[in-house]
Each structure stands twice: as structure tokens, then as C-alpha cells.
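The primary structure of each chain is shown beneath.
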Amino acid sequence: RQLRQRSLAVLRKEIEPTTTDALARFLPDWQGVGPAAINGGVDRLFEIVSQLQGVPIPASVLERDVLPARLGRYSGRWLDELLSAGEIVWTGEGSLGRDDGKVCLYLRDQARSLVDLPDPAPFQSDEHIRLRETLGQRGACFFRELQGSNDLATLDALWDLVWNGEVTNDSFAALRALTPGKRAASSGAGTTMRRGRPRMSSLTVLGPPKGQGRWSLVARELAMGEFAPPLDTKAAVRASARQVGTERLHAKAAALLERHGVLTREAIRGEGITGGFAGLYPVLKAMEEAGTVRRGYFVTGLGGAQFAVPGAVDRLRAFRETPQQPDVVVLAATDPANAYGIALPWPVKGPQRAAGAYVILVDGLPSAYIEKGGRSLVALQAFDGSWETHVIRALTALVGPEESRTARFRKLVFENFPDELKGLMVDAGFVPTPKGLAKYA
């Protein structure tokens, strides 16, 4: 009787839902971030893009934080190789002011099912229309083949279409050249990164740096919309529309499951998926009936209907217990591996998933938040002596030479910080300055 009772107790514990802290520890591991990062080259980058398909990531963060966090050593040459070979494609997903914008990466053979064609209505000037017509008639073009009477006007209009998701490029070089590169020592923005809306700084025979590469219409590149082969009958058109709609929902559900492992209503809402959880639920239910996903209540405190890919639940439950050695992970606030602000709420008001901001997780709990520009350090937990030293070590690791894997800043100056951390920060090498506490590489 005792053996049976104990066996049942073990089985019940295995199927009990985990806490949200376990989900926050699981997600970076599932996406290969931090200690789970695998050193690799083009092949590993291809796998990473497969998992990140369709999630908008600021261009300033993608190559500085998101991809290196999963690769250990990262080279932009690998991304350009995949783009020029036609293996992957990127699209713009909206500008962020004049010096940044969100981009999505896709595997080319899956992009047609995942990309949503944008509304061109906001951009209907003569220059926008001319660029669309030229790219539609001629296909991929270099900037000099697109230029009109004024290079500045052409470049501005071209990037309007890029951020609207209408135009893409076979290289990432133009995105890197959006602003002159600056080290964090002068701007607090981390490692060298060129970003933003175009500002004409120099022109070459081949065109401005922000216009390099070959530009093409996303719809034409993926054979979508008006560029897709025409159908003969109305019945064929209706049948094709139904099939395409189902295929697109299935592709989006599969991409979300691959990225999250355990997919919740909150995660779908946090990613801003069109149609929300209700739109994807019929497809997820069909996938469950086909045996490709599991349904259950895996994480307590979240929506009751949760879906997981095979193997994800066991990996999630492996994070149920707090590790003996503290698990410290530093993530860009916008990193898809950061569950806070998407699937989970921030513990305090203020933090946002802003480009240039960082969050430090200690055993899955958000403990500190570095605001964009590195000027403010915000504590996200009560001061109890359990996480403070780990946060300080993480802060010191963020400052270092450019070749350092963990370094994001050459100089980090906190004008605002919790007084409770001042002593630990000074002991770790932060020095008082007129602007605040500073740490130098």
C-alpha cells in the first residue's frame, strides 16, 4: 500500500503544472540561449532562423544581441551567405523612429505561408508608386537602377516601402549601414551597430551605403498576391483561398510552437498574431487530434488551453526545481527568449520590451532591468540578498572589449540606480563620476 501511494504521488507530481518561473527558465534553454548556445556556422544559423520565423526584432538588436546569444561566436557574413543564396528572406515590420526598425526573418520555402502582405495605402506619393512599378516590371534592382531625379527622395521612399513590408533585399548590408557605426563608449548602445532611417552621409558610384544590395518586391520575390499564377474559374479561386488560409494558419501555429515549445494564449496575444488565440485554436486542436502536439495545463496561472510539441513538456518539467547553482541569464528585453512582456507580465510597472534595453534573470525571475542607453538600472525584486551579487556579476560581464562574447558596452554609466546596490557596484569596479557610477572596459 505504501509503495502504491508513493508511486501515485510521484506520477501526480509529474503531471502537475509548473510555475511561471520554470517557464522563464525553460524558454532560453529551448531557444538555445546562454549556456545552451551551440557554437556553429551557417548551418546553426539556419536552424536559429527557423525558430525565429515571423517574430519582429529590432534591426539594432538582431545581430548585436539575439543571434550572438544563440551562436556564441557570430559573423554577419553567415547571414549574408544565407540571404544571397536564397535560403532565407527578411521583411520590414515597421520603423522605430528615424534610427531603427523591426525586421522578420523567414526560411524562403516557408515564407509564402507566413508573410502577410501589407497595405500600401499609407505610401502613395509619386516616388513610392514609381518604385513599385519599376520593381514590379524589372524584378530585383540595384539602387542605381531605381534612382530618380533626387537620390535622397528615392532613398527615403525606398525605406518607407521597406518598413511597410513591401520591399526586401538580398543582403543585410543596407540595414547595417542605416546610421554611422558608434561604440557604446559614446552612445551607450552596446557593440558596433548601424541602424535606423537613412541619412545621406556619402554617395558612391554604386549608390549610397543605405541603398546597397539588390532590392525587390516581397510579393514578387515570394510569388504572392498579384504576382501569383492566375486561376481559371471562380470555384478554383474560392477553393484555393480556403486552402491557402488553412495552410497559413497551420504554418503560423507550427512556427509559434517551434519557437515557444509550450504555447499559451498569453504568448499568442503577446506576439500580436492576427486573429489571436481564437483564430489559431481550430488548427491547434486539429494538430492535437493528429497527434503532433499535446494539450494540457502545463504552466499554472496561464490560460487553461495550452499546447506543446513532443518533448517540450518533459524539458519544461525539468526546470520545475530551482537549480542549486544560480542560473543567471542576460537577455535583450526584445529577445524572443525573454518571456516577460509576452507570455508573462513584468513584476513591476515600467519595464518594456524596448530596443537597447536588457533584463537580467536569476533562476528565471526578472531581477534587474537596464533601460535603453544604459543610464538607469531598475531593481525588479525585493532586496533580500538572494540575487543582488549575481546581478552585479552580470553587469560587470556586460562591459568589456568588442571581441568579448558577453560584452555589450565599452562604458556603462548609471545615472540612476538603487542605493541598496551601490556598495556592491563599487566593490565590483564601478567608480563615482559626475554623471553617476561608471564601469569602463
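Below: a short report on this structure.

What counts, and at which threshold
- Residues numbered from 1 in each chain as written.
- Predicted model: local features only at pLDDT ≥ 70, side-chain atom pairs only at ≥ 80, totals over all residues.
- Heavy atoms only, no water.
- Core = buried A, V, L, I, M, F, W, Y, C linked by side-chain atoms within 4.5 Å.
- Buried < 20%, exposed > 50% of the residue type's maximum accessible area, 1.4 Å probe, protein only.
- Helix = DSSP H or I, 4+ residues; strand = E, 2+ residues; numbered from the N terminus.
- Pairing = 2+ DSSP bridges.
- Axes fitted to C-alpha atoms, helices over the stretch in contact; angles between N-to-C directions.
- Contact = heavy atoms within 4.5 Å.
- Parallel < 35°, antiparallel > 145°, perpendicular 65-115°, else oblique.
- Left-handed = near helix turned anticlockwise from the far one by under 90°.
- Nonpolar A, V, L, I, M, F, W, Y, C, P; charged D, E, K, R; others polar.

**Focus on the nonpolar core**
By size, the foremost hydrophobic cluster in this structure holds 62 residues, and its most contacted members are Trp90, Trp159, Leu175, Trp215 and Leu395. With seven residues, the top contributor of residues to this core is helix H9 (residues 151-163). Grouped together as the second largest cluster of nonpolar side chains are 47 residues, Ala22, Ile273, Ala308 and Phe319 included.

**Points about the sheet that holds strand E9 (residues 328-332)**
Strand order in the open sheet made by the four strands is E9-E10-E11-E12, with antiparallel pairing throughout. The two strands at the open ends of the sheet, each matched to only one other strand, are E9 and strand E12 (377-379). Looking at each pair of strands side by side, their axes are set apart by 25° on average, direction ignored. Taken together, the five bridges between E9 and strand E10 (residues 358-362) define a ladder with antiparallel strand orientation. When the bridges of E10 are listed, valine 328 appears paired with valine 362. Of the strands in this sheet, E9, E10, strand E11 (365-370) and E12 are in contact with helix H17 (residues 388-397), which crosses E10 at around 140°.

**Focus on the environment of leucine 82**
Inspection of the secondary structure assignment puts leucine 82 in helix H5 (residues 76-84). Among the residues examined, leucine 82 registers a relative accessible area of 5% and is labelled buried. For the pair leucine 82 and aspartate 43, spaced 39 residues apart in sequence, the C-alpha separation works out to 9.4 Å.

**Things to note about the pairing of strand E2 (residues 88-95)**
Looking along a regular strand, one sees the side chains alternate between the two faces of the sheet. For E2 and strand E3 (residues 101-107), the ladder comprises six bridges, and the chain directions are antiparallel. Bridge pairing in E3 links glycine 92 to valine 103. Linking E2 to E3, which pair antiparallel, is a turn of five residues; within it glycine 97 sits at a positive phi near 70°.

**Description of the packing of helix H3 (residues 42-52) against helix H4 (residues 59-71)**
Taken N-terminus to C-terminus, the directions of H3 and H4 make an angle of 120°; their axes are 10 Å apart at the nearest point. With respect to each other, H3 and H4 are oriented oblique. Crossing geometry of H3 relative to H4 is assigned as right-handed. Of H4, the residues touching H3 (which contributes Arg44, Leu45, Ile48 and Leu52) are Val66, Leu67, Arg70 and Leu71. Looking at the contact of H3 with H4 residue by residue, the class counts come to six nonpolar, no polar and two charged.

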